Amino acid sequence: DKSGYKHFMAKEIAEQPTVLQGALAHYINADATGVALPAPGLDFTKIERMTLVACGTAFYACMVAKYWFEQIARIPVEVDVASEFRYREPPVTPGTVALFVSQSGETADTLAALRYMQGKASKIVSVVNVPESSIARESDLALPILAGTEIGVASTKAFTCQLTTLAILALNAAHARGQMDDATLAKHLADLRSLPGILNLALGIEDKVSSIAAELSEARDILFLGRGAMYPLAHEGALKLKEISYIHAEAYASGELKHGPIALVDPHVPVIVMAPRDALFDKTVSNMQEVMARGGKVLLITDQKGATEASEGVWNTIIMPEIDPLLAPILYAVPAQLLAYHTAVAKGTDVDQPRNLAKSVTVE
Ligand code: M6R
């Protein structure tokens, strides 16, 4: 039942503050000082490296998690798409934890990658939405994301719940490895608990997004740019747009622009720049200016500070609430989803059942 929404995707986007709250309550103890993982837990002090494997949107969640595990927990992380990982048959060094992310828990390539790691990795962990799925059952530790049933083929609330679960895991790892003191952990956990409220606020951009989307729906190609943990978000924005609006969209790390894709820039190719006012902001802005100098039409997604500093000359700006930079990838999923959704609605495509796609890809 769509509860009054026009599409399941719209309903699932709107549900995010509520389902996130449930996931946070599940993993963070009531006074927000610590993290509770289901038994048998995970001893992060003994981990040498992590291998994160998934497909599609779940893979982009892994890409974000790589930034988190490396930056705050100082664990070397490798990420790969399951279809490549399984046939590459990579050597596995001792002390490797393998982590698989899957909404359905039944994706054929992800399951095959998991089976490849059985007996090689020191632990198999999965981050899943369906607790009774094959991937959950075949893991040593299955972490539920508690997003509730997701019906729209384009994954939305599962992505933000995957990210939230992975952020909690990375914070837990950082603390266990002595990379983060009690007070810093408590601060990040408190920030996490304010996320549902911030996401609610962010959903208020919807009217603005739908007017921007009316113009985006005319485009044939769209570029997404991001740096750091916003780079995977650029990928997620491009994937979502492709899936449901059928507009060709590509994501690039901002710094890669001048190594090729800038040749595509002209006034007919909108460039969407995802850039909260963080430590990398100035770098991204200078890439954005290179785009504008070549006649590119830029949509900047940033916060109030970023907009004040850098919106001169841009075609349009979407202003997001301020947030702990660590958690920005979770928040910036909202504009990525809403842009795709409203562009698809403007084009009149079948949002919940896009052509050629299945919700669960159980064959390779
Ligand atoms: O069920 P899974 O999370 O394993 O599915 C992985 C991908 O098939 C999935 O994320 C797909 O890319 C979505 N349609 C993205 O919106």
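As a reminder, the structure under discussion sits directly above these lines.
Residues numbered from 1 in each chain as written. Predicted model: local features only at pLDDT ≥ 70, side-chain atom pairs only at ≥ 80, totals over all residues. Heavy atoms only, no water.

**Quick look at the sheet that holds strand β3 (residues 96–102)**
Hydrogen bonding along the main chain pairs the strands of a sheet, whether they run parallel or antiparallel. Read across the open sheet, the 5 strands follow the order β2-β1-β3-β4-β5; overall the sheet is parallel. The open sheet is flanked by β2 (77–81) and β5 (141–144), the only strands paired with a single partner. Recorded for the sheet is a direction-independent mean angle of 20° between the axes of neighbouring strands. Packing of helix α5 (residues 108–117) onto the sheet brings it into contact with β1 (49–54), β3 and β4 (123–128), and relative to β3 it is tilted by some 165°. Running over the sheet, helix α7 (residues 157–176) touches β3, β4 and β5 and is turned about 160° from β3. (Pairing = 2+ DSSP bridges. Helix = DSSP H or I, 4+ residues; strand = E, 2+ residues; numbered from the N terminus. Axes fitted to C-alpha atoms, helices over the stretch in contact; angles between N-to-C directions. Contact = heavy atoms within 4.5 Å.)

**Digging into the site of the ligand**
By nearness alone, 14 residues border the ligand, and Ser102, Gln103, Ser104, Thr107 and Glu243 come closest of all. Coverage of the ligand by the protein amounts to 91% of the 410 Å² it exposes when considered alone. A molecule is said to occupy a pocket when more than half its atoms come within 2 Å of that pocket's grid points, and by this definition the ligand occupies the largest pocket. Counting residues per element, the ones that place at least two in the shell around the ligand are α3 (56–73) and α11 (230–245). Residues of the shell around the ligand, tallied by class, amount to 5 nonpolar, 7 polar and 2 charged. (Near = heavy atom within 4 Å. Areas by Shrake-Rupley, 256 points an atom, 1.4 Å probe, with all protein chains shown as cover. 1 Å grid on protein atoms, 1.4 Å probe; cavity = no way out; pocket = protein on both sides within 12 Å on 5 of 7 lines; lining within 4 Å. Sits in = over half its atoms within 2 Å of the grid points. Nonpolar A, V, L, I, M, F, W, Y, C, P; charged D, E, K, R; others polar.)

**A closer look at the environment of Gly228**
For Gly228, the location among the structural elements is in the loop between β6 (221–226) and α11. In this structure, the C-alpha to C-alpha distance between Gly228 and Met63, residues 165 residues apart in sequence, is 10.0 Å.

**Comments concerning empty space enclosed by the protein**
Under the criterion given, the structure shown has 1 cavity of 30 Å³ or more. Every residue along the wall of the largest cavity is listed here: Arg227, Met230, Met274, Ala275, Pro276, Asp278, Leu280, Phe281 and Thr284. (Points joined across faces, edges and corners; volume = space filled by probe spheres on them.)

**Side note on helix α12 (residues 281–293)**
Between its terminal C-alpha atoms α12 stretches 18 Å, which fits the 18 Å expected from 13 residues at 1.5 Å a residue. Every buried residue belonging to α12 is among Phe281, Thr284, Val285, Asn287, Met288, Val291 and Met292, and all of these are buried. Viewed end-on, α12 has its buried residues packed into an arc of 160°, placing them on one side of the element. In α12, those exposed residues whose orientation departs by more than 90 degrees from the buried face are Asp282, Lys283 and Ala293. If you follow the buried residues of α12, they end up packed against β6, β8 (270–274), β9 (297–303) and α13 (304–310). Just past α12, the residue Gly295 takes up positive phi, approximately 80°. (Expected span 1.5 Å × (residues − 1). Buried < 20%, exposed > 50% of the residue type's maximum accessible area, 1.4 Å probe, protein only. Arc of directions from axis to C-beta.)

**Looking at the packing of aromatic side chains**
Enumeration over the complete set of coordinates arrives at 2 aromatic pairs. Ring centres of Phe59 and Tyr60 lie 5.7 Å apart, and the angle between their planes is 55°; on these two criteria the pair is classed as tilted. The class for Phe59 is buried, based on a relative accessible area of 13%. Taking 6.1 Å as the distance between ring centres and 80° as the angle between the ring planes, the aromatic pair formed by Phe85 and Tyr116 counts as edge-to-face. Pair noted here: Phe85 is in helix α4 (residues 82–88) and Tyr116 is in helix α5, with a separation of 31 residues, a long-range link. Positioned over the ring face of Trp315 is Lys297, at 4.5 Å from the centre of the ring. (Phe/Tyr/Trp six-rings, centres within 6.5 Å; stacked < 30°, edge-to-face > 60°. Lys NZ or Arg CZ within 6 Å of the ring centre and 35° of its normal.)

**Observations regarding the pairing of β9**
Burial analysis of β9 places 6 of its 7 residues in the buried class, the great majority of the element. Judged from the 5 bridges that link them, β8 and β9 form a sheet pairing that is parallel. Directly across from Met274, in β9, lies its bridge partner Ile301. Each parallel crossover has a hand, and for β8 linked through α12 to β9 it is right-handed. By the bridge criterion, 5 bridges tie β9 to strand β10 (residues 316–320) in an arrangement that is parallel. What sits directly across from Ile301, in β10, is Ile318. One crossover worth recording links β9 to the parallel β10 by way of α13, and it is right-handed. (Right-handed = clockwise from strand over helix to strand, strands pointing away.)

**Quick look at the packing of helix α2 (residues 16–27) against helix α9 (residues 195–202)**
Their axes nearest at 8 Å, the elements α2 and α9 cross at an angle of 170°. Between α2 and α9, the interaxial angle falls into the category roughly antiparallel. The segment α2 lies against α9, with Gln16, Pro17, Leu20, Gln21 and Leu24 engaging Pro196, Leu199 and Asn200. Residue composition of the contact of α2 with α9, grouped by class: 5 nonpolar, 3 polar and no charged. (Parallel < 35°, antiparallel > 145°, perpendicular 65-115°, else oblique.)

**Side note on the nonpolar core**
In this structure, Trp68, Phe69, Leu192 and Phe224 are the most contacted members of the largest nonpolar core, which totals 99 residues. Contact partners of Phe69, with chain neighbours within four places excluded, come to Phe44, Met50, Arg74, Ile75, Val77, Leu166, Leu169, Ala170 and Ala173. Residues Val273, Val285, Val298 and Val314 belong to the second largest nonpolar core, which totals 18 residues. (Core = buried A, V, L, I, M, F, W, Y, C linked by side-chain atoms within 4.5 Å.)

As far as function goes, none of this settles anything; it's purely spatial.
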